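Breakdown of the fold
In case you want the letters, here they are:
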Amino acid sequence: MPEYTREELTRMRIAMEGESAWDRMKRKSKEEPLVPAGVALTCFALVAATVGVRTGNRAYANNMFRLRVAAQGFTVFAMVGGSLYYSYKEKQAKSEKDADN
């Protein structure tokens with residue numbers, strides 16, 4: 001009987017039982033922790049910019065809009081970087097598995 005890693009067992013369970021939206025969000029957050037941080041920073045900057053506009057503080061609002069753009073760029077960078085990293089990691093694991101057989 002082959003021995004499976006914890007990750008392989010989790011993938012098999014998900015394939016058989018399905019996965020709820022909450023479970024998927026938790027799993028993805030563990031896989032790529034920088035993406036939720038970027039999303040949170042983007043939301044903070046947007047809310048802060050809205051507060052700046054409502055209070056009439058143009059300089060603060062403008063800085064928060066700039067922060068929002070930077071946070072969105074960071075989030076996209078984290079998504080692309082994480083995707084490339086995990087695809088590379090998957091290919092490497094697959095090649096090691098093929099080499100063992």
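First things first, this report covers the structure right here in the doc. (Residues numbered from 1 in each chain as written. Predicted model: local features only at pLDDT ≥ 70, side-chain atom pairs only at ≥ 80, totals over all residues. Heavy atoms only, no water.)

Evaluated as defined, the whole model comprises five salt bridges. Two residues, arginine 13 and glutamate 17, come together in a salt bridge whose shortest N-O distance is 3.7 Å. Of this pair, arginine 13 and glutamate 17 both sit in helix H1 (residues 6-17), four residues apart, which is roughly one turn of that helix. Residue arginine 13 is classed as partly exposed on the basis of its relative accessible area of 40%. Accessibility expressed as a relative area gives 61% for glutamate 17, which makes it exposed. For lysine 26, the salt bridge goes to aspartate 23, with nearest N and O atoms at 3.9 Å. Of this pair, lysine 26 and aspartate 23 both sit in helix H2 (residues 21-31), separated by three residues, roughly a single helical turn. Judged by relative accessible area, lysine 26 falls into the partly exposed class, the value being 40%. When salt bridges with common partners are traced through the structure, they connect Glu7, Arg11 and Glu90 into a single cluster. (Salt bridge = Lys/Arg side-chain N within 4 Å of Asp/Glu carboxyl O. Helix = DSSP H or I, 4+ residues; strand = E, 2+ residues; numbered from the N terminus. Buried < 20%, exposed > 50% of the residue type's maximum accessible area, 1.4 Å probe, protein only.)

In this section: a nonpolar patch on the surface. Nonpolar side chains collect at one region of the surface, where Val76, Met79, Val80 and Leu84 lie side by side and expose about 370 Å² of accessible area between them. Note on placement: valine 80 falls in helix H4 (residues 58-100). (Patch = residues over 30% accessible without salt bridge, like charges linked within 9 Å, V, L, I, M, F, W, Y side chains within 5 Å. Areas by Shrake-Rupley, 256 points an atom, 1.4 Å probe, with all protein chains shown as cover.)

Turning our eyes to something else, we now look at the environment of tyrosine 60. Mapping tyrosine 60 onto the fold places it in helix H4. The exposure class assigned to tyrosine 60 is partly exposed, which follows from its relative accessible area of 34%. Sequence separation between tyrosine 60 and valine 47 is 13 residues, and the spatial gap between their C-alpha atoms is 12 Å. Excluding residues within four positions of it along the chain, tyrosine 60 makes contact with Ala48 and Gly52. (Contact = heavy atoms within 4.5 Å.)

Within the element layout of this structure, valine 76 appears in helix H4. Distance in space between the C-alpha atoms of valine 76 and glycine 38 is 8.5 Å, their sequence separation being 38 residues.

Looking now at the packing of helix H3 (residues 34-55) against H4. What describes two packed helices is the angle between their axes and the distance between those same axes. Two numbers describe how H3 lies on H4: the axes approach to 8 Å, and their chain directions differ by 165°. By the criterion of interaxial angle, the relationship of H3 to H4 is roughly antiparallel. In this structure, H3 crosses over H4, and the sense of that crossing is left-handed. Looking at side-chain class alone, the contact of H3 with H4 contains 19 nonpolar, five polar and one charged residues. (Axes fitted to C-alpha atoms, helices over the stretch in contact; angles between N-to-C directions. Parallel < 35°, antiparallel > 145°, perpendicular 65-115°, else oblique. Left-handed = near helix turned anticlockwise from the far one by under 90°. Nonpolar A, V, L, I, M, F, W, Y, C, P; charged D, E, K, R; others polar.)

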